[in-house]
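Below are the chains, spelled out letter by letter.
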Amino acid sequence: MFLDLNQSCIKVWMAAAFTLVAAASGCATAPAAPDSGVPAWTSPKDCFSRNVLATDPNAERMAIVCSGPEAAADPNRSGVERATAYFNAGSGYNLLGERGTTSLACETTSACYQFALNLVEKSFVNQEDALVRKDNASSIEEIDERFILRRRLAQARALAGTAVSGSPACAEPDQCLGAATAALATQDLAAQVSRKDDPIAAFACQGLELNAQISQLRGTEHEYAAVTDLRQIIRSCPSFAASATDTLAKIAYNRGEQLRGSMTASAAANAPPSQSAALGLSAVSSYRDALRSESVRLPAYRGLGAVYLALAGLEPGKAGEHFGAAKDAFDDAQKISAATPDDAHAKDLEQLGVSYMSLAGTKRPVDELEQERLIDAAIRVLMKSTSLSPTYDRQIILGEAYELAGRSEEAEAVYRTALASGQSAGHEAATLSLARLLERTGKAEEALSVLQKASASGVQAASVRYEIGRLQFGRSDFPGAIDALSPIAGTLPAAQAAEARYMLSVAETVLRRTGWQARARANADDAAQANSFSAKYSRQACLSHILVSGPDVKSGASLQRCPAGDTAEKHLLRGMYFLKQAQLIDVSAYDMASQDYWRSVLRLAQDAFQSGEAALKARPEANANPRFDDLGHVIDLAAVLAQGKLVVERCRRDASVEAGSQTWKDLESFYGHYGVLKCSAS
């Protein structure tokens, strides 16, 4: 990714960056520009020629001689000669700086660039651009025009060099880089590169490339300028086009990485999915532009795949399309990385397998054959990935693929291998995956044993304890469920936390140990608050308030815990609530108002039971036999609604039930369990 101009580290990264781009461009070698027609510097007399180049073998001698007393420092020389000699000396020092080698001329890279900058500035002092002769013969005029451009190139190169090498003369690197850009801006490079038959075009191409490099070094806010110059190079500078194309691709890749990071951060901050998806789609566009360069093609394919996987979550309606694109991207990535089969190649295969599995999950049931084909493909690449680098995580993913294919024995073997590998300190994933598989294949007791062994060996993850509690609850081991769930209920994800609270409430209700009422009610309320659409959570909240009784029921303040609705079960629960409320009323034989109030509450109970029967008759397809977990069995709604009406009639003395009869036993087993058989507090 692009780096910003943080002063604490700028000199380190900029020096490395400028060295790389300078070396890649070939701009400091001889000849300096392809087909420039400019010969190399060879002797002291060449110090006064505007038509020579600095080369590796002679750069040190050229820098020393041309800046010495026989050339630029000779006061007897004319300003034109001294301007030329200073320029050539500066060009030599620039080349020494770019090569970064110790020499007699300058001991450090920053010193080389600083000398180059000082000498080029002296060249301007002795002859400004405006005073360079332009009225000579055409050949001389061309050399002078070329000299103007080359001197600006040397100035910009020296300024950039001082910025990236940590020269004390450039305390604020971006100021020097900005000055380098300004130096090149004095030339109409875009027009000069269009002069196809003119040697100046080759140097103008160098200028465009150098300008693009400087813009890159200055940060993302100058990226547009770099891209503009690089595109001009591709159009007008064939010798530099391949390098420019590669650089553009790297810029596109960096932009893609930035956008992918922004998409991830946006999603983590719970921004609207459309906003995060827009960032992802922009990243896709940048990564696709990066595919033009072989140097970043592999990471670009990987970035593409990662973005498409994220987009599938952000745009569920297009999940199949995004998973398919992720599959193609990771497939292209693994084809490239196959040349060096290592862990990175194994990771590409792993991502390809995950994409196959995810794509299979988006297929409709009617596409069963296509699902099987995709899952089989996932298994093949995941087996190869695991064989190449058998990491813990890859074994888990391979096991999941086997499960999707219905190959339970192979999935179990892989999960057990992962558990035995010792690659994960926690073994949480393998433990949970194996337990889930065993439970699904009818081995719930073995699943519980796996979880308990993991917990005993030190795996204290809340997810493992939750599964232990859930399985113990399922086998009616309520003390074990409470022991497992109580310490971790508040640390679980929302859905699991709600289920844990529900199971704790039911377990407390069944065991009825000291203080159970308050614990049962608190846990039930938490579960219902977390998911008010769950019928069993609402039921348990209502029942726990009925069991606890108290002033909230007596006054009706907690009636919202037994919400109204058009289902038979909700009417049943409200009828039971009203029975409990009637039971709590202080009825006095001398207080007609208390008697009237008591009868009105009983009427509410009767109306609720009758409404339940009507709802059951209107929707016979509805769940007429819900399971009450605290009772440990399903109930017949039709039967208990009729029994509820009988309880009301008994309280009003419109009917009697003989104690010990089967009818009384039936009433006792349900209404007595919830404490609503008594008719009043007296």
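Please refer to the structure higher up on the page.
Residue positions within a chain follow its written sequence, with the count starting from 1. Residue-level local features of this predicted model are given only where pLDDT is at least 70; pairs of side-chain atoms are given and counted only at 80 or more, and the full residue set underlies all totals for whole chains, interfaces and linings. Excluded from the side-chain calculations are hydrogens and water; all other atoms, namely the structure's heavy atoms, are used.

## So, the overall build of the chain
A tally of regular secondary structure across the chain gives 29 helices and 2 strands. Its C-alpha atoms give the chain a radius of gyration of 41 Å, more than 25% over the compact-globule value 26 Å for 682 residues. By its C-alpha atoms, the chain is 135 × 60 × 45 Å across when sized along the principal axes. Across the chain, contacts joining residues at least 24 apart in sequence account for 61% of those joining residues at least 6 apart. By element, 52% of the accessible surface of the chain is carried by carbon and sulfur atoms, the whole surface being about 30,600 Å². Positive charges come from Lys and Arg, negative ones from Asp and Glu, while His and the chain ends are left out of the count. For charged residues, the charge sits on one atom: NZ in Lys, CZ in Arg, CG in Asp, CD in Glu. Across the chain, the mean location of the 69 positive side-chain charges is 4 Å away from that of the 79 negative side-chain charges. Runs of E in the DSSP output that reach at least two residues are strands. Runs of H or I that reach at least four are helices, and both are numbered from the N terminus. Note on method: radius of gyration uses C-alpha positions; expected globular size equals 2.2 Å times residues raised to 0.38. Should any heavy atoms of two residues lie within 4.5 Å, those residues are counted as being in contact. Only the protein chains shown count as cover for residues, and all accessible areas are computed by the Shrake-Rupley method using a 1.4 Å probe.

## What to know about the side chain of Ser 680
Tracing the backbone through its elements, the reader meets Ser 680 in the segment after α29 (662-672). Contacts of Ser 680, omitting those with residues within four sequence positions, involve Ala 582, Gln 583, Ile 585, Val 587 and Trp 598.

## Focus on the state of the cysteines
A pair of sulfur atoms, both from cysteines and within 2.5 Å, is called a disulfide here. Counted by the stated rule, this structure contains 6 disulfides. Through a disulfide, Cys 651 is tied to Cys 679; the S-S separation comes to 2.2 Å. Disulfide Cys 651-Cys 679: the torsion about the S-S bond is -85°, which places it as left-handed. One end of the pair, Cys 651, is in helix α28 (residues 637-651); the other, Cys 679, is in the segment after α29, and 28 residues separate them in sequence. With respect to burial, Cys 651 and Cys 679 carry one shared label: buried. Of note for the chain: the bonded cysteines, numbered N- to C-terminal, pair according to 1-2, 3-4, 5-6, 7-8, 9-10, 11-12. Summary of the burial criterion: residues with accessible area below 20% of their type's maximum are buried, those above 50% are exposed, and those between are partly exposed, where the area comes from a 1.4 Å probe applied to protein chains only.

## Details of empty space enclosed by the protein
In this analysis, the protein atoms alone were mapped onto a 1 Å grid. Cavities are point sets where a 1.4 Å probe fits without being able to get out; pockets are open sets with protein on both sides within 12 Å along at least five of seven lines; lining residues have an atom within 4 Å of a point. Grid points are joined across faces, edges and corners, and a volume is the space filled by probe spheres set on the points. For the coordinates displayed, the defined rule picks out 2 cavities of 30 Å³ or more. Within this model, the second largest cavity holds a volume of roughly 30 Å³. For the lining of the second largest cavity, the secondary-structure elements that each account for two or more residues are α22 (494-511) and α24 (535-548). With 4 residues, the top contributor of residues to the lining of the second largest cavity is α24. For the lining of the second largest cavity, a count of residues per class yields 4 nonpolar, 1 polar and 4 charged. Any residue outside Ala, Val, Leu, Ile, Met, Phe, Trp, Tyr, Cys, Pro, Asp, Glu, Lys and Arg is labelled polar, Gly included; the first ten of those are nonpolar and the last four are charged.

## Observations regarding the packing of aromatic side chains
Geometry of aromatic contacts follows a simple scheme: Phe, Tyr and Trp rings, the Trp one being its six-membered ring, pair when their centres are within 6.5 Å, and the pair is stacked under 30 degrees between planes, edge-to-face over 60, tilted otherwise. In the structure shown here, the tally under the stated rule is 10 aromatic pairs. Centroid distance Tyr 253 to Tyr 287: 6.0 Å. Interplanar angle 55°. Geometry classified as tilted. Of the two residues, Tyr 253 is situated in helix α10 (residues 238-268) and Tyr 287 in helix α11 (residues 273-290); the sequence distance between them amounts to 34 residues. Accessibility classification places Tyr 253 together with Tyr 287 in one group, the buried group. With 6.2 Å between their ring centres and 90° between their planes, Phe 609 and Tyr 671 make a pair best called edge-to-face. Highlighted residues: Phe 609 in helix α27 (residues 592-618) and Tyr 671 in helix α29, separated in sequence by 62 residues. Residue Phe 609 is classed as buried on the basis of its relative accessible area of 0%. The exposure class of Tyr 671 is buried, given its relative accessible area of 0%. Chaining the aromatic ring pairs together yields one cluster made of Phe 609, Phe 628, Phe 670, Tyr 671 and Tyr 674.

## Description of the layout of surface pockets
Volume-wise, the second largest pocket comes out at about 300 Å³. Contributing to the lining of the second largest pocket are 22 residues, with Ala 535, Thr 567, Ala 568, Glu 569 and Lys 570 lying nearest its centre. The residue makeup of the lining of the second largest pocket, split by class, is 11 nonpolar, 5 polar and 6 charged.

## Some points on the side chain of Ser 286
Looking at the element boundaries, Ser 286 is found in helix α11. With sequence-adjacent residues up to four places away left out, Ser 286 is seen in contact with Ala 252, Tyr 253, Arg 255, Gly 256 and Leu 259.

## Some words on the pattern of salt bridges
Oppositely charged side chains can form a pair if their charged atoms are brought close together. By definition here, a salt bridge exists when the distance from a side-chain nitrogen of Lys or Arg to a carboxyl oxygen of Asp or Glu is within 4 Å. Taken as a whole and judged by the stated rule, the model has 42 salt bridges. With its nearest N and O atoms 2.8 Å apart, the salt bridge here joins Arg 394 to Glu 350. Of this pair, Arg 394 sits in helix α16 (residues 392-404) while Glu 350 sits in helix α14 (residues 343-361), and the two are 44 residues apart along the sequence. As far as the burial class goes, Arg 394 and Glu 350 line up, both buried. Between Arg 475 and Glu 445 there is a salt bridge whose closest N-O contact spans 3.0 Å. Here Arg 475 is found in the loop between α20 (462-474) and α21 (478-485), whereas its partner Glu 445 is found in helix α19 (residues 444-456), with 30 residues between them in sequence. Among the ionic contacts, a cluster of salt bridges with common partners joins Asp 343, Lys 347, Glu 350 and Arg 394.

## Notes on the nonpolar core
Tyr 287, Leu 304, Val 307, Tyr 308, Leu 311, Tyr 356 and Leu 382 are the most contacted members of the largest nonpolar core, which has 67 residues in total. Considering every element that reaches this core, the biggest residue donor is helix α12 (residues 294-314), with 10 residues. Once residues within four sequence positions are removed from consideration, Leu 311 is found in contact with Ala 277, Gly 280, Leu 281, Val 284 and His 322. Ala 85, Val 164, Cys 176 and Ala 226 belong to the second largest nonpolar core, which has 58 residues in total. Definition used in this section: a nonpolar core is a set of buried Ala, Val, Leu, Ile, Met, Phe, Trp, Tyr and Cys residues joined via side-chain atoms within 4.5 Å.

## Points about the environment of Leu 438
Within the secondary structure layout, Leu 438 lies in helix α18 (residues 428-440). Each C-alpha atom of the pair Leu 438 and Glu 412 lies 8.0 Å from the other, and the pair is 26 residues apart in sequence. Leu 438 has contacts with Glu 412, Arg 416, Lys 443, Ala 444, Glu 446, Ala 447 and Val 450, leaving out every residue within four places of it along the chain.

## Describing the packing of α16 against α18
Only the stretch in contact is used when fitting a helix axis, every axis being a line fitted to C-alpha atoms; angles between N-to-C directions are given from 0 to 180 degrees. Interhelical geometry of α16 versus α18 gives an angle of 15° and a closest axis separation of 10 Å. What the angle tells us is that α16 and α18 run roughly parallel. Remark: the crossing between α16 and α18 carries left-handed chirality. On α18, the residues touching Tyr 392, Ile 396, Glu 400 and Glu 403 of α16 are Glu 428, Ala 429, Ala 430, Ser 433, Arg 436, Leu 437 and Arg 440. Partitioned by chemical class, the residues of the contact of α16 with α18 number 5 nonpolar, 1 polar and 5 charged. Note that the term roughly parallel is reserved for angles under 35 degrees, roughly antiparallel for angles over 145, roughly perpendicular for angles of 65 to 115, and oblique for everything else. Whether a crossing is left-handed or right-handed is set by the direction in which the near helix is turned from the far one by less than a right angle, anticlockwise for left-handed and clockwise for right-handed.

## Considerations on the environment of Asn 126
Mapped onto the secondary structure, Asn 126 falls in helix α4 (residues 109-126). What makes Asn 126 partly exposed here is its relative accessible area of 25%. A sequence separation of 393 residues divides Asn 126 from Arg 519, and the C-alpha atoms of the two residues are 93 Å apart.

## Considerations on the environment of Gly 68
By the secondary structure assignment, Gly 68 is in the loop between α2 (59-66) and α3 (79-99). Taking relative accessible area as the criterion, Gly 68 reaches 10% and is therefore assigned buried. Sequence separation between Gly 68 and Tyr 86 is 18 residues; the distance between their C-alpha atoms is 9.3 Å. Once residues lying within four places of it in the same chain are set aside, the contact partners of Gly 68 are Ala 73 and Asp 74.

## Details of α18
An α-helix turns once every 3.6 residues. As a result, residues three or four positions apart point the same way. With 13 residues, α18 extends 18 Å from end C-alpha to end C-alpha; this agrees with the ideal 18 Å at 1.5 Å per step. Regarding α18, the residues found buried are Ala 430, Thr 431, Ser 433, Leu 434, Ala 435, Leu 437 and Leu 438. Of the surrounding elements, those touching the buried residues of α18 are α16, α17 (408-421) and α19. Where α18 terminates, the next one or two residues include Gly 442, which has phi positive at roughly 85°. Here, expected helix span is obtained from the residue count minus one, scaled by 1.5 Å.

Interpretation in functional terms is not warranted from these geometric data alone.
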